[in-house]
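Fold and geometry: a report
Spelled out from the first residue to the last, the chains are:
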Amino acid sequence: MKKLLSIFIFSLFLFVSIQNLVAGGSHDNESKTMHIAVFVPGIVSGSPVYEMLCAGVRSAVAESTANGNTVDVTVIEAGTRQADWGTKMTSLVAQGTYDLIVTSNPAMPEIIDPISRQFPIQKFLIFDAWFSGNPAITTFRYNQREQGYLSGYIAALVSTSSMEYANSQKKIGLIAAQEYPAMNEIILPAFREGAQAAVPGCTVDFRVVGNWYDATKAAELSRAMKNAGCDVIMPIAGGANQGVIAAAKDTGFYIAWFDDNGFIKAPGLIISSAVMAQERLAYEKTLAFITGSLETGNPTTLGLSDGYISLVTDDLQYIETVPQDIREKMNQILTSLKNGTISLPAR
Ligand code: RBF
């Protein structure tokens, strides 16, 4: 009986899905409006990756609209309760409204794949993720080994410099919101790898907030780390990053910013921005989907040589905050990474 019921429900979904396909994936038959959803697994505000994601998709839609197409975009914030994301995604897909669902973070493919098997015509575009074997899922990830390495390298140089808040210890920190494979296996090891390449013996103090929003907890951790000898901290904690910034302003330590350009957030204290071009990539790939030129179903990794990972070197705050000898060393590292003298393939 249960089996019959699930076959019935599945057939119903399939019927609705096929109808949607015939209607061009749209409820808006007459005008053929294309509908795009951005599913944010968390909160947009304060999370660089999600801010860039939304901005990129919005500009693609705006450009396409300006060119005379009828495309719209809806942003759905799924919130910080990760256990709810699957259910929320399922109901979004089951609406059958969206031609494309765009999302971002390395945990999303595992959540989406089983849903996609139930609704095979729904197309997904996932950034900051890697997945193969499902034609409906297209993923793009960044070479975060390069990104983490650059951050660690400059953080260690600053830690051992004669800058105002640098102490005598060779010790830097990383505050993560949570532990996840990309953090434990790529970002943290690469941060350490870069630090030790710049300053042999440099150690990394790694602490975990427990969620992506608790700025108070992140501030407490930062103070404890500063007391334990960290003079540069890299926060990767979404909305909780705000607590690290507040503590840096209060107690005086440096911040290595990750993902987007963060120099404006604490002038004089931000020493670097190791960025991923998520806004540009989201713009390019959404536009490609709209125009029908997106190659779907495959994973792609993009890094420094492709121009999707970089260190911001032209910001006035960088030039004013970081001494010239350190900036020159960073230019050399960037050149070595670009010409292959140093090779850090994505893992
Ligand atoms: N990054 C954020 O900035 N904000 C978030 O809310 C957020 N949530 C995440 C949830 C999960 C389950 C995972 C695996 C990653 C999350 N990230 C988040 C991290 C993001 O994908 C990326 O690893 C970091 O921004 C470093 O580039």
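This is a predicted model, so every value here is computed, not measured.

The next thing to look at is the packing of aromatic side chains. Inspection of every chain in the model, using the stated rule, returns 5 aromatic pairs. Judged by centre distance (6.0 Å) and plane angle (45°), the rings of tyrosine 180 and tryptophan 212 are tilted. Separated by 32 residues along the polypeptide, tyrosine 180 in the loop between β6 (171–176) and α6 (181–198) and tryptophan 212 in the loop between β7 (203–208) and α7 (215–227) bring together distant segments of the chain. Across from the ring centre of tyrosine 308, 4.3 Å away, lies the NZ or CZ of arginine 280, which sits over that ring.

This part is about the domain arrangement of the protein. Size of an interface, as often reported, equals the accessible area lost when the parts are brought together. When cut into domains, the protein gives domain 1 (32–142 + 279–305) and domain 2 (144–275 + 313–339). Computed over C-alpha atoms, the centres of domain 1 and domain 2 are 29 Å apart. Buried surface at the junction of domain 1 and domain 2, both sides included, amounts to about 1100 Å², of which 61% is carbon and sulfur. Among the residues of domain 1 in contact with domain 2, Pro48, Tyr142 and Leu304 are the three that bury the most area, contributing 44% of the side total. Across the contact surface, domain 1 and domain 2 share 0 salt bridges. Taken together, domain 1 and domain 2 are joined by 3 residue pairs in polar contact (both at pLDDT 80 or more). Among the elements that take part in the side of domain 1 that touches domain 2, helix α2 (residues 48–66) stands out by supplying 4 residues, more than any other. Here the residues of the side of domain 1 that touches domain 2 sort into 6 nonpolar, 5 polar and 2 charged.

On to the sheet that holds strand β4 (residues 123–127), then. The strand order across the open sheet built from 6 strands is β2-β1-β3-β4-β5-β11, with neighbouring strands paired in parallel fashion. Taken across any chain shown, the strands that pair with only one partner, and hence form the sheet edges, are β2 (71–77) and β11 (299–302). For this sheet, the mean angle separating the axes of adjacent strands, direction not counted, is 15°. Of the strands in this sheet, β1 (34–40), β2, β3 (100–104), β4, β5 (137–142) and β11 touch helix α9 (residues 278–291), which is tilted by about 165° from β4.

Parameters at a glance
- Residues numbered from 1 in each chain as written.
- Predicted model: local features only at pLDDT ≥ 70, side-chain atom pairs only at ≥ 80, totals over all residues.
- Heavy atoms only, no water.
- Phe/Tyr/Trp six-rings, centres within 6.5 Å; stacked < 30°, edge-to-face > 60°.
- Helix = DSSP H or I, 4+ residues; strand = E, 2+ residues; numbered from the N terminus.
- Lys NZ or Arg CZ within 6 Å of the ring centre and 35° of its normal.
- Domains from an automatic or database assignment.
- Buried area = accessible area lost by both parts, 1.4 Å probe.
- Salt bridge = Lys/Arg side-chain N within 4 Å of Asp/Glu carboxyl O.
- Polar contact = N/O pair within 3.5 Å; in protein donor to acceptor, adjacent residues only side chain to side chain.
- Nonpolar A, V, L, I, M, F, W, Y, C, P; charged D, E, K, R; others polar.
- Pairing = 2+ DSSP bridges.
- Axes fitted to C-alpha atoms, helices over the stretch in contact; angles between N-to-C directions.
- Contact = heavy atoms within 4.5 Å.

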